[in-house]
Amino acid sequence: YHLCTSKAALGWTVHGAFADYVLLNADYVHVLHTDADLQSAALIEPLAVAAEAVHVKGRVQRGESVAVIGPGTTGILSAILAHAQGAAPVFLVGRGSSVPVRFPIARALGLEHCINAVEADPTEYVLEHNEGRHVDLVVDATGSVQGFVLALDLLRRNGRVVDLGSITAEAPFPWPKAAWKALELAFVYASSRDAWDKAVDVFHRRTADLSKMVTGVYPLEDYQRAFAAADNSQESLKVMFRPSGER
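From a predicted model like this one, the values you see are computed outputs, not experimental measurements.

(A) Here's a closer look at the packing of helix α2 (residues 44-57) against helix α3 (residues 73-84). Where α2 meets α3, the closest approach of the two axes is 8 Å, and the angle between their N-to-C directions is 55°. As the angle between them shows, α2 and α3 are arranged oblique. Relative to α3, the crossing made by α2 is right-handed. Touching P46, L47, V49, A50, A51, V54 and H55 of α2 are T73, T74, L77, S78, L81 and A82, all from α3. Looking at side-chain class alone, the contact of α2 with α3 contains nine nonpolar, four polar and no charged residues.

The structure is reproduced here in structure tokens:
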């Protein structure tokens, strides 16, 4: 259903996501356990997008090496899912702005290899910590041409790249390098039912404490502060609204 040409999404194309009661088709409802932490549960949607990248499109296997570029919410969740699946080593690549908040959160969630691309060459780091080999799977969660080019540098020949970010403008494509790598390339647009089922299962198994990723919760009337916080990658990761107004 995520590829429907007339897709309507509550809170995106249809108003009503903050209403007290919402009427939905039962086929689109995923039942949570009665003791579920609802703040953490709000991360299931980006977790499903990460599952689409890592499990559905990326087909990650135990023992494979994985690099995720872009330590935003879906990037970190992608790395967590790969790690939980038994991939090793798992590398998370970001810029200097990721050092104050995002890398410490990633490490607290079990991700050992956090690479600051400003201070270290990501390819050299990967080769040093992966027995001289490039990785089997790269998830590019940057939404930038630079991120995609770096993905090709980190990837082994005949490896897999999943582009999770959205490049919003026309961009050149590095055909020679991509062809030489003989890579598989897949794109993620939203998340399939299989990805949602995987995300809900991971959430219920409490593979990771997703609440650690929430760096701010704001009432709706503080929306300007919330958006300003979300725009500051040096101080925040996942910012949420609490419609009831409670902090």
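Still more to cover.
(B) View of the nonpolar core. Counting residues in each nonpolar core, the largest one holds 49 residues, and the members touching the most others are I76 and M213. The set of elements that each furnish at least two residues to this core consists of α2, β1 (66-69), α3, β2 (90-94), α4 (102-108), β4 (135-140) and α8 (193-204). Ranked by residues supplied to this core, first place goes to α2 with eight residues. When residues no more than four places from it in sequence are discounted, the contact partners of M213 are L43, T73, I76, L77, I80, I105, L109, L237 and K238. Counting residues in each nonpolar core, the second largest holds 18 residues, with I69, V138, A178 and L183 among its members.

(C) A look at the sheet that holds β2. Strands sit in the order β3-β2-β1-β4-β5-β6 across an open sheet of six strands; the sheet is parallel. Each end of this open sheet is capped by a strand with a single partner; those strands are β3 (113-116) and β6 (184-187). Across the sheet, the mean angle from the axis of one strand to that of its neighbour is 20°, orientation sign disregarded. Relative to β4, β1 runs parallel, the two sharing four bridges. Pairing of I69 across the sheet is with D140, part of β4. Together, β1, β2 and β4 form the strand contacts of α3, whose direction differs from that of β2 by roughly 170°.

(D) Spatial organisation of the pairing of strand β5 (residues 155-163). Across five bridges, the pairing between β4 and β5 is parallel. Bridge assignment links L137 to a residue of β5, and that residue is R160. Strand direction decides the pairing type here: β5 and β6, joined by four bridges, are parallel. By the bridge assignment for β6, V161 is matched with L185. Between β5 and its parallel partner β6, the chain crosses via helix α7 (residues 175-181), and the hand of that crossover is right-handed.

Criteria and cut-off values
- Residues numbered from 1 in each chain as written.
- Predicted model: local features only at pLDDT ≥ 70, side-chain atom pairs only at ≥ 80, totals over all residues.
- Heavy atoms only, no water.
- Axes fitted to C-alpha atoms, helices over the stretch in contact; angles between N-to-C directions.
- Helix = DSSP H or I, 4+ residues; strand = E, 2+ residues; numbered from the N terminus.
- Parallel < 35°, antiparallel > 145°, perpendicular 65-115°, else oblique.
- Left-handed = near helix turned anticlockwise from the far one by under 90°.
- Contact = heavy atoms within 4.5 Å.
- Nonpolar A, V, L, I, M, F, W, Y, C, P; charged D, E, K, R; others polar.
- Core = buried A, V, L, I, M, F, W, Y, C linked by side-chain atoms within 4.5 Å.
- Buried < 20%, exposed > 50% of the residue type's maximum accessible area, 1.4 Å probe, protein only.
- Pairing = 2+ DSSP bridges.
- Right-handed = clockwise from strand over helix to strand, strands pointing away.

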